[in-house]
Amino acid sequence: MADTEYSDDLIALERSAWEQIQAGTLTVETALAVREGIDKFVAERRAAGNEVRRMDIELGLKRLVRYEPAA
């Protein structure tokens, strides 16, 4: 997952969701937007012939946003 390049939009969606989770204000709309973003990301990778698991992509994105220091 370290070599997975997430789009800026997907990172921003996950970052927004994480901020809302921390504030106790996560909305269904935000959670759904993140899910749909991940689904689209996975579908694009699979269409390009890459074998990816949705779970790996989601966990990698969460790790990137929640645990890695901002550049």
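Residues numbered from 1 in each chain as written. Predicted model: local features only at pLDDT ≥ 70, side-chain atom pairs only at ≥ 80, totals over all residues. Heavy atoms only, no water.

K.L.:
Sorry, what's going on with the overall build of the chain here?
P.N.:
Within the chain, the secondary structure is distributed over 3 helices and 0 strands. Each helix and strand of the chain, placed in order from N terminus to C terminus, yields the pattern α-α-α. Projected onto the principal axes, the alpha-carbon positions of the chain cover approximately 40 × 25 × 20 Å. Residues classed as buried in the chain amount to 24% of the 71 residues present. Counting only contacts in the chain whose residues sit at least 6 apart along the sequence, the fraction spanning at least 24 positions is 56%. (Helix = DSSP H or I, 4+ residues; strand = E, 2+ residues; numbered from the N terminus. Buried < 20%, exposed > 50% of the residue type's maximum accessible area, 1.4 Å probe, protein only. Contact = heavy atoms within 4.5 Å.)

K.L.:
Sorry if this is basic, but what is going on with helix α1 (residues 8-23) here?
P.N.:
Structural remark: α-helix, 3.6 residues per turn; residues separated by three or four positions point the same way. Over its 16 residues, α1 extends 22 Å from the first C-alpha to the last, a length consistent with the 22 Å expected when each residue adds 1.5 Å. Those residues of α1 not exposed but buried are Leu10, Ile11, Glu14, Ala17 and Gln20. Tucked inside the fold, the buried residues of α1 contact α2 (28-47) and α3 (54-67). Gly24 sits one or two residues past α1 and shows a positive phi near 75°. (Expected span 1.5 Å × (residues − 1).)

K.L.:
What's the story with the packing of α1 against α2 in this structure? I'm lost.
P.N.:
Where α1 contacts α2, the two axes come as close as 9 Å, and the packing angle between them is 150°. In terms of axis orientation, α1 runs roughly antiparallel to α2. For the pair α1 and α2, the crossing hand works out as left-handed. When α1 is examined against α2, the residues Leu10, Leu13, Glu14, Ser16, Ala17 and Gln20 are found in contact with a partner set consisting of Thr30, Ala33, Val34, Gly37, Ile38 and Phe41. (Axes fitted to C-alpha atoms, helices over the stretch in contact; angles between N-to-C directions. Parallel < 35°, antiparallel > 145°, perpendicular 65-115°, else oblique. Left-handed = near helix turned anticlockwise from the far one by under 90°.)

K.L.:
Honestly, α2 in this entry has me stumped. Any pointers?
P.N.:
In a regular helix each residue adds 1.5 Å, so 20 residues correspond to 28 Å; α2 covers 28 Å between its end C-alpha atoms and thus fits that length. Every buried residue of α2 is accounted for by Thr30, Val34, Gly37, Ile38, Phe41 and Val42. Down the axis of α2, the buried side of the element spans an arc of 130°, and every buried residue falls inside it. When the buried face of α2 is taken as reference, the exposed residues oriented beyond 90 degrees from it are Val28, Glu29, Lys40 and Ala47. Downstream of α2 by a residue or two, Gly49 has a phi angle that is positive, lying close to 90°. (Arc of directions from axis to C-beta.)

K.L.:
Where do I start with the nonpolar core in this structure?
P.N.:
If you look at soluble globular proteins, the nonpolar side chains tend to sit buried side by side. Membership of the largest hydrophobic core is limited to 12 residues, which are Tyr6, Leu10, Ile11, Ala17, Val34, Ile38, Phe41, Val42, Val52, Ile57, Leu61 and Val65. Of all elements in the fold, only α1, α2 and α3 reach the threshold of two or more residues within this core. The element contributing the most residues to this core is α2, with 4 residues. Those residues in contact with Phe41, other than ones at most four positions away along the chain, are Thr4, Glu5, Tyr6, Ser7, Leu10 and Ile57. (Core = buried A, V, L, I, M, F, W, Y, C linked by side-chain atoms within 4.5 Å.)

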